[in-house]
Amino acid sequence: MEGKWQEVVRSSEAESTCKLKAKFQLSGYKDVEKKTVVIGGMFPVHMRIASKDANTSTAPVSSGCEGFNFRTFRWTQTMLFAIDEINKKKDLLPNTDLGYVIYDSCFTISKAVEGTLTYLTGQDEAVPNYRCGNGAPLAALVGAGGSDLSIATARILGLYHFPQVSYSSTCSALESKFQFPTFLRTIPNDKHQSTAIAQLVLHFGWTWVGTIAAEDDYGKYGIKDFKEQVEEAGVCISFAETLPKVSSPEAIQRIAQTVFESTAKIIVVFSSDVDLSPLILELLQHNVTNRTWIASEAWVTSALINRPGVSSVLGGTLGFGVKRADIPGLQRHLLDLDPYANPLTEEFWETSFNCTLDYGRAVRGVPDGLCTGSEHLAQLNNTYSDVSQLRITYSVYKAVYAVANALHNLEHCEKGQGPFVGGSCADIANFEPWQLMYYVKNVRFKVPHTDEEIYFEDGDVKGLYDIVNWQVDSEGEISYVTVGRYNGSAAPEHRMTIMNNSIVWNNEITEPPHSVCSENCEPGTRKGIRQGEPVCCFDCIPCADGEISNSTNARACILCSYEDWSNDAHDTCVPKIIEYLAFGEPLGITLIAISAVGALVTIGVGVVFAVHLGTPLVKANDPLLSFSLLFSLVVTFLSSIVFLGKPRHWSCMTSQVALALGFALCLSSLMGKAVVLMLRARFLKAIRIRNKAAAKAAKLAAAEAAEAAANGVVMTNTANNVDANNAADNPEVDSLTCAHQRAITAVATLIQAIACTVWLILIPPHPIENTSTQNIKIILECDEGSVIFICCVFGYDILLALTAFVFAFIARKLEDYFSEAKSVTFGMLVFFIVWISFVPAYLSTRGKFMVAVQIFAILASSFGLLACIFLPKCYIILVKPEHNREEMMKPRPKPRDGTSTGTSASLNTAVTKINTIASTAIDD
């Protein structure tokens, strides 16, 4: 069978030839001779691949690398130190000698893939899908640096189920076991870090944040998780920039300009130190300060960023660093480096001391200094030998020990109790990658010197971080000060502990910076979103009257209940002012006093009239109507008091009805007087016309009689005597007195009483709480019940007033020592002036002052009527009693023009006198 296979191989070789399509140019460390197991490693010792000619006229050559990175070179030496330390241990792999193959990924995906393929092949050439040679088995790959590099290598290694333990690849995308089944890491998943940064932003109340991410999976996924969490909590992103992976000065300048112009004072950066370094240099040139930077673990303690002079830009930076530890013996290993042991070490030496190790390697552009190889690294004091912040370095140390402990468990498997088929175990000298993968996935150990327990949960470790603050020391250098902790495995409320007082911010201030697009809206205002801008950019709009907001950044104002109103600050609903014209307040007391005085004066006038009831003046003005008029004025005076106080059902009905009936009785009494005065005036006018005609006839008859006497003829004229006697005895004058006046008054008042009764039965006035007139007050007032009824009732009073005025005005020429027609006329004029003035005053006031205006109008009109009608009478009765005689009720002397007027009191006297004159003329 074996012979046939050899024939097939020889036949195949005859038909075709296998050859390498390309040879990779890789640098690193390798020690596989006479080793039991080989561990792979991959570190980005250089920052980038060197540029090369793109000409394809010659065979392509793998690119070299440039930009030596002292920090990542320390990581490489840490792996060498850990392997050497493990090989010396008696309790860990005591019978196994570990070898290593370490490649430089140059922080580039293509180089990482080259190194992975070469490592899997087992030779310096990469032959995909082949393992060439019979050397020691490959254990696992420690690496490959950045997240995008590990994603590329994990996709290849996953095809072979080959274990990969990363020390710095934190991208959350790598947690997918479907895509990366063999990927594990000793550094926390970025989901923890994104959550930690989000909590830090929320802890300090920053709502306006800028973000900068590297143009790789690490930056993309880290910022994505951060944004999702903070935006859900109401934080807005001012700007989101991406750092280019390939050198682009234009892009760096644009990002720096964005940072300078943005109002955001907080900038979150998910990037490696290599990608961020060009931007920091640009910001230094433009002196962009007064920003607080939130650093991811990839650059929070990087010496590449923390170079001299950055304190003005990065001072006060806060960031999350992975767990730090001291590794005894590491610094001695770093300083005892042999410069001639390896080309990579030689390059490190020459870069560190800026020299060349021998003449033969001196080329154009290299400084003229020479190195002997005996220089002391300790005197450099650079990031390579700095072991004060061993964070990623410690992660490298843990990754190597994780693989070693997995190998130890594989080696010490007891036959028959193994994890594989039939309880079998794997052979440490000849095992398959998938067999070691089982042990790596389930490894559990304590890290030497720190006793930290390491185990993987779906390939991840616990999310433990130190919160690091960049503070400027007395020498002007940046120092890393731990100001808090974050534990992603703890309860949400206990995950982050931070000492705010220990933080020193940018420009060495002690107060946290303020980063908001818009200031918080204080209680009493609400947020008004600006069209087309993020929700964090808003205007604070004061709440309208009657609305409040009692919390900061309220999205809407709350409407107070109808019984409450907003205070001046619009942050609390306070009870509305209950307003009504109370009895006890000064204005109420004043109105009560005036009303009482008016009522007492009116009663006093009534007493005067009662005492002088038999006098000619009182008898001539119908005492009954006078007393009814005085009673109605007392009612109107006292009804004004009912308008005061808190409105009740009874007071609302009483005040309106008493006022309407009081004025109806008053005005109907005046109308009764006025209509009789008007009729008497017209009757007197007719008598005067008739008597004037009789006088002419008497004169003519006298002349004729004289002429007849001269002629001896005797004549008699009985017609004039009859007319005069009829005029003297005419009962028509006396029939226009009391009966008519009282009847008119009674009928007019009864009509108003019926209307008020219907009003009270159907839609009576009732108290209400008026909240619409004045927003800050509840005005207790009376609702009239029906506008139609109140207009009819008080319109009727106005009709009575107009009628009385017209009748009195017509009778105004009835003159004597006392003219009642003129008194009524002036009284009505005062009444109209008061109520016409009342209407605009009433409509222009609100609340209790409306009631006050109404009471003033009632009192003023009542006093006006009282003064105009009764003051002249009281004056004659009390001051001029000599005029209160029957003779004074007679007409005044006849004016020169021959006209004569009279009064109701002198009407009969005038008729008698006219008849006497006519008789004398006849006798003559």
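This structure is a prediction, so every number in the text was calculated from the model and none was measured.

Draft legend 1. Here's a closer look at the state of the cysteines. Counted by the stated rule, this structure contains 9 disulfides. What pairs with Cys 517 in a disulfide is Cys 537, and their sulfur atoms sit 1.9 Å apart. A torsion of 105 degrees about the S-S bond marks the disulfide between Cys 517 and Cys 537 as right-handed. Of this pair, Cys 517 sits in the loop between strand E18 (496-498) and strand E19 (525-529) while Cys 537 sits in the loop between E19 and strand E20 (538-542), placing them 20 residues apart in sequence. When its relative accessible area of 22% is taken as the criterion, Cys 517 is described as partly exposed. According to the relative accessible area criterion, Cys 537 is buried, its value standing at 2%. With its sulfur 1.9 Å from that of its partner, Cys 560 forms a disulfide with Cys 573. The sign of the -85 degrees torsion about the S-S bond sets the Cys 560-Cys 573 disulfide as left-handed. Of this pair, Cys 560 sits in the loop between strand E22 (558-559) and strand E23 (564-566) while Cys 573 is found in strand E24 (residues 573-575), placing the two residues 13 residues apart along the sequence. Its relative accessible area of 26% is what places Cys 573 among the partly exposed residues.

Draft legend 2. Broad picture of helix H7 (residues 249-261). In this model, H7 (13 residues) spans 18 Å end to end at C-alpha, consistent with the 18 Å of a helix rising 1.5 Å per residue. Considered for burial, the residues of H7 that qualify are Ala 251, Ile 252, Ile 255, Ala 256, Thr 258 and Val 259. The buried residues of H7 all sit within an arc of 155 degrees when viewed along its axis, so they share a single face. For H7, exposure combined with an orientation more than 90 degrees from the buried face picks out Glu 250 and Glu 261. Looking at the buried side of H7, the elements it contacts are strand E9 (208-214), strand E10 (236-243), strand E11 (266-270), helix H8 (273-286) and strand E12 (292-295).

Draft legend 3. Structural context of the side chain of Arg 391. Mapped onto the secondary structure, Arg 391 falls in the loop between helix H11 (343-353) and helix H12 (392-411). Residue Arg 391 is classed as buried on the basis of its relative accessible area of 3%. Here the side chain of Arg 391 touches Val 322 through a polar contact of 2.8 Å, landing on its backbone oxygen. Beyond its immediate chain neighbours, meaning those up to four positions away, Arg 391 contacts Thr 301, Gly 321, Val 322, Lys 323, Arg 324, Asp 466, Val 468 and Thr 482.

Draft legend 4. Focus on the pattern of salt bridges. Scanning all chains against the criterion turns up 23 salt bridges. Close ionic contact of Arg 185 with Asp 460 constitutes a salt bridge, the shortest N to O distance being 2.6 Å. Here Asp 460 lies in the loop between strand E15 (453-455) and strand E16 (464-472) and Arg 185 lies in strand E8 (residues 183-185), a separation of 275 residues in the sequence. For the pair shown, Arg 185 and Asp 460 are each scored as buried. In this structure, the salt-bridge partner of Arg 391 is Asp 466, at a minimum N-O distance of 2.9 Å.

Draft legend 5. Examining the packing of aromatic side chains more closely. In this structure the tally under the stated criterion is 35 aromatic pairs. Ring geometry for Phe 73 and Phe 348: centres 4.6 Å apart, planes at 25 degrees, overall stacked. Here Phe 73 is found in helix H2 (residues 70-88), whereas its partner Phe 348 is found in helix H11, with 275 residues between them in sequence. For Phe 73, a relative accessible area of 0% gives the class buried. Here the aromatic cluster, defined as three or more aromatic residues joined through ring pairs, consists of Phe 663, Phe 805, Phe 809, Phe 831, Phe 832, Trp 835 and Phe 838.

Draft legend 6. Molecular detail of the sheet that holds strand E26 (residues 766-770). Here 3 strands make up an open sheet; going across it, the order is E25-E27-E26 and the pairing mixed. Looking at which strands have only one partner, the edges of the open sheet turn out to be strand E25 (577-579) and E26. Across the sheet, the mean angle from the axis of one strand to that of its neighbour is 25 degrees, orientation sign disregarded. Note that E26 and strand E27 (residues 777-783) share 5 bridges and pair antiparallel.

Draft legend 7. Fine view of the environment of Tyr 160. Tracing the backbone through its elements, the reader meets Tyr 160 in the loop between helix H4 (147-159) and strand E7 (164-166). Tyr 160 sits in the partly exposed class, given a relative accessible area of 32%. Considered as a pair, Tyr 160 and Thr 182 are 22 residues apart in the sequence and their alpha carbons are 9.1 Å apart.

Draft legend 8. Region of interest: the packing of helix H3 (residues 109-121) against H4. Where H3 meets H4, the closest approach of the two axes is 9 Å, and the angle between their N-to-C directions is 30 degrees. Crossing of H3 over H4 shows right-handed handedness. Listed contacts from H4 to Ile 109, Ala 112, Val 113, Thr 116, Leu 117 and Leu 120 of H3 are Asp 148, Leu 149, Ala 152, Thr 153, Ile 156 and Leu 157.

Draft legend 9. Structural view of a nonpolar patch on the surface. On the surface, Leu 750, Ile 754, Val 758, Ile 761, Leu 762 and Ile 763 cluster together into a nonpolar patch covering about 570 Å² of accessible area. The partly exposed category is assigned to Ile 754, whose relative accessible area is 49%.

Draft legend 10. Fine view of the sheet that holds strand E17 (residues 478-487). Taken in spatial order, the 8 strands make up an open sheet running E10-E9-E11-E12-E13-E16-E17-E18, and their pairing is mixed. Of all the strands in the sheet, the pair left with one neighbour each is E10 and E18. Averaged over all pairs of adjacent strands, the angle between strand axes in this sheet comes to 25 degrees, irrespective of strand direction. Note: E17 against E18, 3 bridges, orientation antiparallel. Note on E18: the bridge partner recorded for Tyr 486 is Met 496. Contacting E9, E10, E11 and E12, H7 runs over the sheet at an angle of about 160 degrees to E10.

Draft legend 11. View of the pairing of E9. The element E9 is extensively covered by neighbouring structure, given that 7 of its 7 residues are classed as buried. What you see with E9 is no split at all: Trp 208, Gly 210, Ile 212 and Ala 214 on one side and Val 209, Thr 211 and Ala 213 on the other are buried throughout. Summarising the sheet, E9 and E10 pair through 7 bridges and their orientation is parallel. Paired with Gly 210 across the two strands is Phe 239, which belongs to E10. For the segment spanning E9, helix H6 (residues 217-232) and E10, crossover handedness is right-handed. Looking at chain direction, E9 and E11 are connected through 5 bridges and run parallel. Looking at E11, one finds that Thr 211 is bridged to Val 268.

The rules we used
- Counting from 1, residues in each chain are numbered in the order their sequence is written.
- Totals for whole chains, interfaces and linings use every residue, but because this is a predicted model, local features are given only for residues with pLDDT of at least 70 and side-chain atom pairs only at 80 or more, for both listing and counting.
- Side-chain calculation: all heavy atoms of the structure are included, whereas hydrogens and water are not.
- Cysteine sulfur atoms that pair up within 2.5 Å are treated as a disulfide.
- Helix numbers and strand numbers start at the N terminus; a helix is a DSSP run of H or I with at least 4 residues, a strand a run of E with at least 2.
- For every residue, the accessible area obtained with a 1.4 Å probe (protein chains only) is divided by the maximum for its type, and the residue is called buried under 20%, exposed over 50%, and partly exposed between those limits.
- A helix's residues, less one, multiplied by 1.5 Å, set its expected span.
- The directions considered for the arc are those from the helix axis to the C-beta atoms.
- In this description, contact between two residues means that some pair of their heavy atoms is separated by no more than 4.5 Å.
- Residues adjacent in sequence count toward polar contacts only when both atoms are side-chain atoms; beyond that, a polar contact is any pair of N or O atoms within 3.5 Å, and within protein one must be able to donate a hydrogen and the other to accept it.
- Note on definitions: salt bridges are taken to be side-chain nitrogens of Lys or Arg within 4 Å of carboxyl oxygens of Asp or Glu.
- In this scheme Phe, Tyr and Trp rings, the latter by its six-membered ring, pair at centre separations within 6.5 Å, and the angle between planes marks the pair as stacked below 30 degrees, edge-to-face above 60, and tilted otherwise.
- Two strands pair if DSSP finds at least two bridges between them.
- As a rule, the C-alpha atoms of each element are fitted with a line to give its axis, helices using only the stretch in contact, and angles between N-to-C directions run from 0 to 180 degrees.
- Each crossing gets its hand from how the near helix is turned against the far one by less than a right angle, where anticlockwise is left-handed and clockwise is right-handed.
- Only residues whose relative accessible area exceeds 30% and that form no salt bridge enter a patch; like-charged residues are grouped when within 9 Å of one another, and nonpolar side chains (Val, Leu, Ile, Met, Phe, Trp, Tyr) when within 5 Å.
- All accessible areas in this document rest on Shrake-Rupley with a 1.4 Å probe, and a residue is counted as covered only by the protein chains that are shown.
- By the criterion used throughout, a crossover qualifies as right-handed when its path from the first strand across the helix to the second strand runs clockwise, the strands pointing away from the viewer.

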